[in-house]
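The chain contents come next:
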Number of protein chains: 2
Amino acid sequence: MSEHVTIAVDAMGGDNAPSVVLAGCELALAQDPDLDIILCGPADVVEPFAAAHERCEAAVATQVIGMGEHPAEAVRKKKDSSIAVACRLVKEGRAQGFYSAGSTGACLAAATLIMGRIKGISRPALATVIPSPIRPVLMCDVGANADCKPQYLVQFAQMASVYAKNLLGMENPRVALLNIGSEETKGSQLAQECHQMLKEQIPNFAGNAEGGDVMAANFDVFVCDGFTGNVCLKTIEGTAKQIFKAIKGIMTQSLVTKLGAATLMGGFKDLKDSIDPDKFGGAPLLGVKGACIIGHGSSSDEGILNGVAISARVVRSGLIQEIADWALAQKAAEESHE
Amino acid sequence: MSEHVTIAVDAMGGDNAPSVVLAGCELALAQDPDLDIILCGPADVVEPFAAAHERCEAAVATQVIGMGEHPAEAVRKKKDSSIAVACRLVKEGRAQGFYSAGSTGACLAAATLIMGRIKGISRPALATVIPSPIRPVLMCDVGANADCKPQYLVQFAQMASVYAKNLLGMENPRVALLNIGSEETKGSQLAQECHQMLKEQIPNFAGNAEGGDVMAANFDVFVCDGFTGNVCLKTIEGTAKQIFKAIKGIMTQSLVTKLGAATLMGGFKDLKDSIDPDKFGGAPLLGVKGACIIGHGSSSDEGILNGVAISARVVRSGLIQEIADWALAQKAAEESHE
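Procedures and definitions
Residues numbered from 1 in each chain as written. Chains lettered and ligands numbered in written order. Predicted model: local features only at pLDDT ≥ 70, side-chain atom pairs only at ≥ 80, totals over all residues. Heavy atoms only, no water. Least-squares fit on C-alpha atoms with pLDDT ≥ 70 in both. Contact = heavy atoms within 4.5 Å. Salt bridge = Lys/Arg side-chain N within 4 Å of Asp/Glu carboxyl O. Helix = DSSP H or I, 4+ residues; strand = E, 2+ residues; numbered from the N terminus. Buried < 20%, exposed > 50% of the residue type's maximum accessible area, 1.4 Å probe, protein only. Pairing = 2+ DSSP bridges. Axes fitted to C-alpha atoms, helices over the stretch in contact; angles between N-to-C directions. Core = buried A, V, L, I, M, F, W, Y, C linked by side-chain atoms within 4.5 Å. Phe/Tyr/Trp six-rings, centres within 6.5 Å; stacked < 30°, edge-to-face > 60°. Lys NZ or Arg CZ within 6 Å of the ring centre and 35° of its normal. Expected span 1.5 Å × (residues − 1). Disulfide = S-S within 2.5 Å.

Superposition of chain A onto chain B requires a rotation of 180° combined with a translation of 0.0 Å along the rotation axis, giving an RMSD of 0.0 Å. Such values leave the two copies arranged in the relation of a two-fold axis. Taking C-alpha positions as reference, the residue of chain A nearest the rotation axis is Gly260(A), located at 1.8 Å. The fraction of interface residues of chain A whose copies in chain B are also interface residues reaches 100%, indicating that both copies meet through the same surface.

Here it is, written out as structure tokens:
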């Protein structure tokens with residue numbers, strides 16, 4: 001039997017909310033008998049669902065933050081949005097985790113403001129599993145912090161390592177700094193300073209990586225500022241998309257190519273599955289006081305299921321406490337150093 | 001008849017130098033009757049070739065800069081390297097352009113130090129054509145300047161626009177700032193400041209782009225700092241490589257898949273050709289006083305031919321003068337503004 005966990009779910013997050021979110025929650029409840037969900041959203045959405053499902057409670061939110069709204073502003077103004085209500089449930093200890101497939105920016109802002117930072121962590125960071133045909137790797141930060149100080153990246157490295165170990169089963173993850181050359185003197189001033197600090201403070205730091213090392217899975221964890229990470233992530237997604245589009249064009253050119261392509265469909269399906277982001281349920285925001293998983297806006301019901309399930313796994317893994325312990329020890333070491 | 005042009009070529013640049021370089025020069029001389037080449041390298045390499053070819057002169061260089069050497073240091077120490085000798089020929093006016101498939105860092109350093117910056121240009125920048133299945137686009141900077149001030153990117157935008165217009169036939173190129181969101185308030189402090197300056201100073205500025213817009217060819221020219229550009233470029237190359245590797249694995253799984261794959265080979269060859277970097281001959285270093293093209297280390301003889309030919313086209317296009325005129329006008333405008 002697993003530890004009992006309660007996850008606050010934003011019923012209104014995602015392109016196909018609320019129907020896909022409700023379907024995903026139903027799957028998650030069926031899969032995990034030790035899971036409770038508090039579903040946050042308009043009364044007419046969350047109350048009937050809660051009434052119809054054991055282990056699901058409704059938390060009424062009268063507002064919704066749209067995908068196009070300015071994240072920080074929307075969080076400030078809409079105190080009763082489904083995202084804010086869900087984060088407050090974690091803050092108040094009624095839930096241990098928060099899941100949403102809504103606006104990434106709004107989730108980041110709400111989780112940081114409402115749930116709060118872990119003591120000693122300067123900036124919470126967004127990590128994401130990057131699915132590669134070889135094996136999945138983890139990248140952090142992919143967009144929470146466009147401007148970074150070197151010390152932030154040391155914290156990203158540690159937090160992402162703990163996630164990789166606890167959630168991705170990587171026993172001793174090899175951490176690399178995303179840079180523009182393998183030598184330690186390469187890169188921007190930030191990258192050069194980071195390299196030195198990572199070498200001193202992160203035992204499993206393995207050196208610099210370049211853009212090509214990500215999909216080649218030459219390391220387990222890639223750390224970078226959120227600007228670089230976001231560009232890299234979207235470049236990977238965009239490149240894969242354009243190549244698959246071009247290949248589809250080739251395969252459907254004529255009857256002959258269609259027949260030829262038919263022989264490859266099994267392999268192509270496996271390849272597409274191997275790089276399907278839905279499988280990983282979403283991106284964890286690391287460094288906040290509670291589990292926080294932000295799903296793709298395009299998540300299917302299975303994506304929602306996986307996101308809620310991973311939120312529960314984050315809680316059960318003890319990851320939050322492990323990050324808090326490290327941050328505390330790090331802070332103490334810095335202070336004794338001063 | 002074209003304008004007569006002399007290009008100084010580094011005979012020792014590239015993984016397969018000098019044989020591939022000599023073969024490429026032979027092709028370039030045959031293709032362009034108004035081209036002269038000054039071939040720079042060891043006497044036993046360049047003298048026999050020059051003796052055997054009309055319109056080719058030898059310039060003996062007693063040193064070679066290896067791919068593994070520290071670029072700036074190697075350029076400083078090896079005053080008689082083939083790269084330095086070639087750059088001096090441009091400086092002295094004996095050649096109008098420099099081409100090498102050698103160490104990118106050493107070429108950048110030598111061209112900047114020896115050929116010199118165009119007056120008013122703060123930092124020369126490396127541009128590169130990114131081949132996409134849709135159409136080629138231009139990115140600048142891809143690695144010459146890891147740390148940038150906003151004003152640099154305005155210059156990159158203008159220089160890259162002039163290159164796109166003169167060399168890639170884009171009449172009125174749409175310039176985008178590589179960023180992490182489409183709204184102008186998005187991104188790092190650098191990106192936000194750049195956005196404002198680009199809007200004010202670059203008439204063909206079209207707004208922010210994200211990583212996925214590059215391969216989708218949603219804009220013609222992408223400007224960014226050299227750190228971001230280098231990560232983006234290598235991520236594209238690495239992602240394409242891993243996907244093609246995975247597809248090759250699928251196609252060669254069994255006799256049936258091999259037969260099926262055979263029907264698609266024509267289309268795949270076209271796709272691979274469309275994203276073959278050799279076709280574009282190399283990356284132009286923009287902002288130095290003379291044409292400067294840096295080829296891929298892995299360039300074939302055809303890659304070398306294209307690189308030398310593009311160097312000549314840069315000279316004939318009047319691009320250097322056009323950049324110099326703009327920089328002068330820009331400087332005057334700034335001074336009158338102060």
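More follows now that the structure is in view.
This brings us to the pattern of salt bridges. Two side chains that carry opposite charge are able to pair once their charged atoms sit near each other. Residue and element names in this part refer to chain A. A full pass over the atoms with the stated rule returns 20 salt bridges over all chains. The shortest N-O distance in the salt bridge between Lys165 and Glu322 comes to 2.8 Å. Taken together, the residues Lys165 in helix H6 (residues 150–167) and Glu322 in helix H13 (residues 319–337) connect sequence positions 157 residues apart. Lys165 gets classed as partly exposed once you look at its relative accessible area, which sits at 28%. With relative accessibility at 27%, the residue Glu322 sits in the partly exposed group.

Residue and element names in this part refer to chain A. The 11 strands are arranged S3-S2-S1-S4-S11-S10-S5-S6-S9-S7-S8 in an open sheet whose pairing can be described as mixed. On the outer flanks of this sheet lie strand S3 (56–60) and strand S8 (205–209), each paired with one strand and no other. Each strand axis lies, on average, 25° off the axis of its neighbour in the sheet, ignoring direction. Examined bridge by bridge, strand S4 (residues 97–100) and strand S11 (residues 291–294) share four bridges and lie parallel to one another.

Now for the nonpolar core. Formed by 116 residues in total, the largest nonpolar core has its most connected members in Ile37(A) and Leu39(A). Among the elements that line this core, the one with the most residues is H6(A), at 11 residues. Setting aside chain neighbours within four positions, we find Ile37(A) in contact with Ile7(A), Val9(A), Cys25(A), Ala28(A), Leu29(A), Arg55(A), Cys56(A), Glu57(A) and Val308(A). The next biggest cluster of nonpolar side chains, apart from the first, holds 115 residues, and it includes Cys40(B), Ala111(B), Ala157(B) and Met170(B).

Residues and elements named next belong to chain A. Every second residue of S4 is oriented toward a common face, with Gly97 and Tyr99 on one face and Phe98 and Ser100 on the other, all of them buried. Looking at chain direction, strand S1 (residues 5–10) and S4 are connected through three bridges and run parallel. Bridge pairing in S4 links Ala8 to Phe98.

Take the packing of aromatic side chains next. Residues and elements named next belong to chain A. Enumeration over the complete set of coordinates arrives at two aromatic pairs over all chains. Residues Phe219 and Phe222 carry aromatic rings whose centres are separated by 6.0 Å and whose planes lie at 85° to one another, so their mutual orientation is edge-to-face. Under the relative-accessibility criterion, Phe222 is labelled buried at 0%. Positioned above the aromatic ring of Phe244 is the side chain of Lys272, whose terminal nitrogen or guanidinium carbon lies 5.3 Å from the ring centre.

Residue placement: Ala28(A) occurs in helix H1 (residues 19–31). The residues contacting Ala28(A), other than those within four sequence positions of it, are Leu35(A), Ile37(A), Leu305(A) and Val308(A).

Residue and element names in this part refer to chain B. Taking 1.5 Å of rise per residue, the 17 residues of helix H12 (residues 301–317) would be expected to cover 24 Å, and the 24 Å separating its terminal C-alpha atoms lies within 8% of that figure. Residues of H12 that are buried: Gly303, Ile304, Leu305, Asn306, Gly307, Val308, Ile310, Ser311, Ala312, Val314 and Val315. Of the residues trailing H12, Gly318 is marked for its positive phi of about 75°.

With that settled, the discussion passes to the sheet that holds strand S3 (residues 56–60) of chain B. Residues and elements named next belong to chain B. On the basis of which strands lie adjacent, the open sheet formed by 11 strands has the order S3-S2-S1-S4-S11-S10-S5-S6-S9-S7-S8 and mixed pairing. Both outer strands of the open sheet, S3 and strand S8 (205–209), are each paired with one neighbouring strand and no more. Each strand axis lies, on average, 25° off the axis of its neighbour in the sheet, ignoring direction. Taken together, the four bridges between strand S7 (residues 175–178) and S8 define a ladder with parallel strand orientation. Bridge pairing links Leu178 to Ala209 in S8.

All names here are of chain A. Enumeration according to the criterion identifies zero disulfides over all chains in this entry. Note on Cys194: no disulfide assigned, nearest cysteine sulfur contributed by Cys148 at a separation of 7.9 Å. With a relative accessible area of 0%, Cys194 lands in the buried category.

Everything listed here is a matter of coordinates, which is why it stays silent on function.
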